[in-house]
Every structure is written in structure tokens, then in C-alpha cells.
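So you can see what is in the structure, the chains are spelled out below.
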Amino acid sequence: RKIPIGLISADNDRDNLAMYYNCHSSRRKMDPFETADWYGLNTYVFCDGNATSFEEAEGLQLLASSFESYNYSVPTLLTEFGCLSDSFSTIDGYQGQRNFNQAKWMLDQTPMREQFSGGFAFEYSIEKANAGSESPYPFRKFGHQNYRKYQLPPISATMAI
């Protein structure tokens, strides 16, 4: 049986990396081993617990339009999407509990559905390293230690082609 092999890339230098991994040396003689079977992107362009509509998710809109312009030849997955933020609600005493609007928008928003074949939600709940030293398990307190360290703001999430 064929086992699909993919490649996952961090969301930095998006245009150049995405195009590089979708490149073919010769369109006439397609080498099946020249490109990955799928492309994954670890992206954190949207992190606003207050946004309730896709129209408010500027980073995701820019991401979808970037991939539309690439005319990608293999399925693209969001191999990490989402984030934890103190902008998300406190639920049952657990701070920063993210909603899953991004997963919903991947299913029901045409720009997302047309460009992405699926995804993996990043951080279902707060992990120990990010809960803050004063918060014992089960990590009810939100900590800012590692968040947004590598996150691109929506305005720089797209690059000129």
C-alpha cells in the first residue's frame, strides 16, 4: 500500500517555503518522489478569544488568500492551528479556555474549505509549562510564559509575492 509522506513547515517566510515545497523541476516528467504527498503548516495567525465570526479573523483570511494564490498541487493541512490566550473565557474555574471557532470555520467557510484539507488543533488545554509556577495541576491559571513568542501578527502574516 502507498503511505503518504508529507512535510510540515513553521509559518515563517510563508510564500518562499510554500512555493519551494510545491516546486517541480519538470512539468513534463513528473517524478513522484520529487514533492511531498501533502504539505502541513504550523500557523498561529489567529488568537482572539473575542472573535465570533470569520470576518473578525483577519489572520485566517490572509492565510487562505495566500494559499489560493499558490495554486497548490498537494493537499494542505494546518498541522498546528489555534493558540491559548487570556482573551479566551474562564470556564468552570479554568482560565483561558479556547473556543474552537477555527475548526468550525475550516468546515463552513468557503475560503478555508477550498484551501485546506484538514488540521490539528494546537493546545486543547493549558500545559504545565505554560500554567505558571503558582498553578498546581490541573492548571487552572493561565500563564503567559511561551505564548505569542513565534506568532505572526495578521499584518505580517502575508508577504509580497
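Counting of residues starts from 1 at the beginning of each chain's written sequence and follows it residue by residue. Restriction of local features to residues with pLDDT of at least 70 applies here, the model being predicted, together with a cutoff of 80 or more for giving and counting side-chain atom pairs; totals for whole chains, interfaces and linings are based on all residues. Hydrogen atoms and water are omitted, and side-chain values are computed over all heavy atoms in the structure.

## Description of the pattern of salt bridges
Argument step 1. Counted as salt bridges are all cases of a side-chain nitrogen of Lys or Arg within 4 Å of a carboxyl oxygen of Asp or Glu. Within the structure shown, the criterion is met by 3 salt bridges.
Argument step 2. We note a salt bridge from arginine 14 to aspartate 11, for which the minimum N-O separation is 2.7 Å. For the pair arginine 14 and aspartate 11, a shared accessibility class is recorded, and that class is buried.
Argument step 3. For aspartate 108, the salt bridge identified is with lysine 104, shortest N-O distance 3.0 Å. Within this pair, aspartate 108 and its partner lysine 104 are both found in helix 3 (residues 101-108), separated by 4 residues, close to a single helical turn.
Argument step 4. A relative accessible area of 35% places aspartate 108 in the partly exposed class. Three exposure classes are used, based on accessible area relative to the maximum for each residue type with a 1.4 Å probe and protein chains only: buried under 20%, partly exposed in between, and exposed over 50%. Runs of E in the DSSP output that reach at least two residues are strands. Runs of H or I that reach at least four are helices, and both are numbered from the N terminus.

## Looking at the sheet that holds strand 1 (residues 6-10)
Argument step 1. Any two strands with at least two DSSP-identified bridges between them are counted as paired. An order of 1-2-3-6 is seen for the 4 strands of this open sheet, with the pairing classed as parallel. At either end of the open sheet lies a strand with only one pairing partner, and these are strand 1 and strand 6 (118-121). Direction aside, neighbouring strands of the sheet carry axes that sit 20° apart on average.
Argument step 2. Of the strand pairs in this sheet, strand 1 and strand 2 (residues 38-42) are connected by 5 bridges, and their pairing is parallel. Axis angles are defined between N-to-C directions and span 0 to 180 degrees, where every axis is a line fitted to C-alpha atoms and, for a helix, only to the segment in contact.

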